[in-house]
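The residues making up each chain are set out below.
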Amino acid sequence: MILTTIDLIPDKMITEHFGIVTGSTVRSKNFARDMFAGLKNIVGGELKGYTELMEETRDEAMQRMIAQAKNLGANAIIGIRFSTSDVAPGAAEVFAYGTAVKVS
Amino acid sequence: MELIIQLIFVAIGLTLGYVFGSKKEKEHYQNLLERHRKLKHIPVRVEKIKDVSKYCDAQLFVGNVVIANDYFKTFVASIKGLFGGRLSSYESLMDRSRREAILRLKEHAIQWGANEVLELRLESSALDALGVEILAYGTAVKYKNEIHS
């Protein structure tokens, strides 16, 4: 499955167009339990645990989008965009969307 | 009595935050500069790409980071927040995070063998006052033949 943010794929021609495919995951942002985040908030710096958490969440959203594209018979997704939004206090949704196409 | 203990904790937090926080920020900026110099040869483009004839391979890459401000900066910003105005401590936080996310994107792309990164996008989200997450994503491409690089 080819994934790109651009609308054209080098050396390939788009032969079929399946429309928008999306994938989303909602994750809890309840960080108050984590001791280390509290410490990091005193000295500042990267919160590695949460970087990984957001990475996993985003991967899951992408996998759902890819699965939807595969079901349609696509072999590439172009024009991919991501969006994160607060859906409820303490929860965030990571949303991935793109256009599923068939290329050859 | 309890109030005094709380004030002591706040004072310790502020001192630790100020001392270690500003040191960490300086080190981070130096680290960003070093990595930027190493990766300068890979252009990152934001505009819409109309012509892909000189590229031969494309793949989505992502760089993300979650960074928190130290207690001193958070404290000062909350006081400034009462009066309104620019929060320069958060401006530098956002700046650092964006640079870090873009550098991580480039580093992943280089491992794959990229020559350019096209249509870069940036997304940010706040993590409940604990910090900010920046996501940088784009399409890495390889040149068709080395004449173009």
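This text follows the structure it describes.
Rules used in this analysis
- Residues numbered from 1 in each chain as written.
- Chains lettered and ligands numbered in written order.
- Predicted model: local features only at pLDDT ≥ 70, side-chain atom pairs only at ≥ 80, totals over all residues.
- Heavy atoms only, no water.
- Contact = heavy atoms within 4.5 Å.
- Buried area = accessible area lost by both parts, 1.4 Å probe.
- Salt bridge = Lys/Arg side-chain N within 4 Å of Asp/Glu carboxyl O.
- Polar contact = N/O pair within 3.5 Å; in protein donor to acceptor, adjacent residues only side chain to side chain.
- Helix = DSSP H or I, 4+ residues; strand = E, 2+ residues; numbered from the N terminus.
- Buried < 20%, exposed > 50% of the residue type's maximum accessible area, 1.4 Å probe, protein only.
- Pairing = 2+ DSSP bridges.
- Expected span 1.5 Å × (residues − 1).
- Axes fitted to C-alpha atoms, helices over the stretch in contact; angles between N-to-C directions.
- Left-handed = near helix turned anticlockwise from the far one by under 90°.
- Nonpolar A, V, L, I, M, F, W, Y, C, P; charged D, E, K, R; others polar.

Engineer: I'd like a description of the interface of chain B and chain A, backed by residues and values.
Structural biologist: Counting residues at the interface gives 43 residues for chain B, matched by 33 residues for chain A. Note on chain B versus chain A: buried area summed over both sides is about 3,200 Å², and carbon and sulfur give 59% of it. Of all residues in chain B, the largest losses of buried area upon contact with chain A belong to Leu-60, Val-66 and Leu-130 of chain B, amounting jointly to 18% of the total for that side. Linking chain B to chain A there are four salt bridges. Inspection of the region where chain B meets chain A yields 13 residue pairs in polar contact (both at pLDDT 80 or more). When contributions to the side of chain B that touches chain A are tallied by element, the ones reaching two or more residues are helix H1 (2–39), strand E1 (55–68), strand E2 (116–126) and strand E3 (132–143) of chain B.

Engineer: Tell me about the pairing of E3 of chain B, and please be specific about residues and values.
Structural biologist: Here is the key point about a regular strand: its side chains alternate between the two faces of the sheet. All names here are of chain B. In terms of burial, E3 is largely enclosed, as 11 of its 12 residues are buried. Looking at chain direction, E1 and E3 are connected through 12 bridges and run antiparallel. Paired with Leu-60 across the bridge in E3 is Thr-139. Where E2 and E3 come together, nine bridges link them in antiparallel fashion. Within E3, the position partnered with Ser-124 by the bridge is Ile-134. Hairpin connection between E2 and E3: a loop of five residues separates the two successive antiparallel strands, and Asp-128 in this loop has a positive phi of roughly 45 degrees.

Engineer: Quick rundown of helix H3 (residues 88–112) of chain B? Include the residues and the values.
Structural biologist: Residue and element names in this part refer to chain B. Here H3 contains 25 residues, and its C-alpha end-to-end distance of 37 Å stays within 8% of the 36 Å for a straight helix at 1.5 Å per residue. By the burial criterion, the buried members of H3 are Ser-89, Ser-92, Leu-93, Arg-96, Ser-97, Glu-100, Ala-101, Leu-103, Arg-104, Leu-105, Lys-106 and Ala-109. Gly-113, located one to two residues past H3, shows a positive phi value of around 110 degrees.

Engineer: Mind laying out the packing of H1 of chain B against H3 of chain B, listing which residues take part and the relevant values?
Structural biologist: Residue and element names in this part refer to chain B. It is the contact of H1 with H3, at a shortest axis distance of 10 Å, that shows an interaxial angle of 35 degrees. In the crossing of H1 with H3, the sense of the turn from one axis to the other is left-handed. Residues Glu-25, His-28, Tyr-29, Leu-32, Arg-35, His-36 and Leu-39 of H1 pack against Ser-92, Asp-95, Arg-96, Arg-99, Glu-100, Leu-103, Arg-104, Lys-106, Glu-107 and Ile-110 of H3. Broken down by class, the residue content of the contact of H1 with H3 amounts to five nonpolar, three polar and nine charged.

Any functional reading would require information that these geometric values do not contain.
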